[in-house]
Amino acid sequence: MPGPDFSHERAALSEGFLRIAGVDEVGRGPLAGPVTAAAVILDPRNIPEGLNDSKKLSAARRAALCEVILASAQVSVAHASVEEIDRLNILRASHLAMERALAGLDPAPDLALIDGNLIPRDLILPARAIVRGDAVSVSIAAASIVAKIRRDQIMWDLAQQFPGYGWERNAGYPSKSHKEALLNIGVTPHHRRSFKPVHNILYQEE
């Protein structure tokens, strides 16, 4: 299957949009840590080669591409906290992170290409939702790479403060060792209490 290309962006440019941001988030599934979103406006004359869905790239390739993206594109990264995830729900928190990432671009984009099938409800600029956007749009693919790198860095840092959960390896996702650590060590302030495995442990403790 061919990788993402610039066709969605080219179509928008032909409609008169000048600054087109790809937006993606990382971290809906983990039991711990924030959800992270990135918004990226690529330079049509200088699109990095090899952009793809971050999940399809090796860690080394993601890191190298992230450096190229940061050097050649306009980038904004934002987060929604564990507290916001628990209070709002993970979908709304993901959209909040996307809204914040877009708000961090200056000057603002004319159009946002959003990965997924929903447009964040409080977005105040024109937007289009693209299902599996990171597989078809280079702008969204670039955003997925930056968001993945930034969130992994956060989880690596948190792993140094809270050893034993394997966050430097699993990024907070519910691996077998992470779930075992939850049972053996307990729940940290960075665990999402609204997520069932964490919620169940807290109720067992009570």
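Residues numbered from 1 in each chain as written. Predicted model: local features only at pLDDT ≥ 70, side-chain atom pairs only at ≥ 80, totals over all residues. Heavy atoms only, no water.

**With respect to helix 8 (residues 176–185)**
And step 1. For helix 8, the full list of buried residues reads H178, A181 and L182. Taken end-on, helix 8 shows its buried residues confined to a sector of 105°, consistent with a single buried face. In this structure, helix 8 carries K176, L183 and N184 as exposed residues pointing more than 90 degrees from its buried face.
And step 2. G186 lies just past helix 8 and shows a positive phi near 115°. (Buried < 20%, exposed > 50% of the residue type's maximum accessible area, 1.4 Å probe, protein only. Helix = DSSP H or I, 4+ residues; strand = E, 2+ residues; numbered from the N terminus. Arc of directions from axis to C-beta.)

**Quick look at the packing of helix 2 (residues 59–72) against helix 6 (residues 138–161)**
And step 1. Here helix 2 crosses helix 6 at 115°, and the two axes come no closer than 9 Å. With respect to helix 6, the element helix 2 is oriented roughly perpendicular. In this structure, helix 2 meets helix 6 at a crossing whose hand is left-handed. Where helix 2 abuts helix 6, its residues R62, A63, L65, C66, I69 and L70 lie against A142, I145, V146, K148, I149, R150 and D152.
And step 2. The residue inventory of the contact of helix 2 with helix 6, partitioned by class, reads nine nonpolar, no polar and four charged. (Axes fitted to C-alpha atoms, helices over the stretch in contact; angles between N-to-C directions. Parallel < 35°, antiparallel > 145°, perpendicular 65-115°, else oblique. Left-handed = near helix turned anticlockwise from the far one by under 90°. Contact = heavy atoms within 4.5 Å. Nonpolar A, V, L, I, M, F, W, Y, C, P; charged D, E, K, R; others polar.)

**Overview of the layout of surface pockets**
Empty space among the atoms becomes visible once a probe the size of a water molecule is rolled across them.
And step 1. In this structure, the largest pocket encloses a volume near 300 Å³.
And step 2. Around the largest pocket, the lining is made up of 18 residues, and of these D24, E25, D53, K55 and D134 lie nearest the centre.
And step 3. For the lining of the largest pocket, the secondary-structure elements that each account for two or more residues are strand 1 (20–26), helix 5 (133–136) and helix 6.
And step 4. Looking at which element gives the most residues to the lining of the largest pocket, the answer is strand 1, with three residues.
And step 5. Of the residues assigned to the lining of the largest pocket, the class counts are three nonpolar, four polar and eleven charged. (1 Å grid on protein atoms, 1.4 Å probe; cavity = no way out; pocket = protein on both sides within 12 Å on 5 of 7 lines; lining within 4 Å. Points joined across faces, edges and corners; volume = space filled by probe spheres on them.)

**Some thoughts on unusual backbone geometry**
And step 1. The amide bond that connects D106 to the next residue, P107, takes the cis arrangement and shows omega of 5°.
And step 2. One non-glycine residue with positive phi stands out, namely N89, at about 105°.
And step 3. Mapped onto the elements, N89 comes out in the loop between helix 3 (82–88) and helix 4 (90–103).
And step 4. Overall, the relative accessible area of 41% leaves N89 in the partly exposed class.

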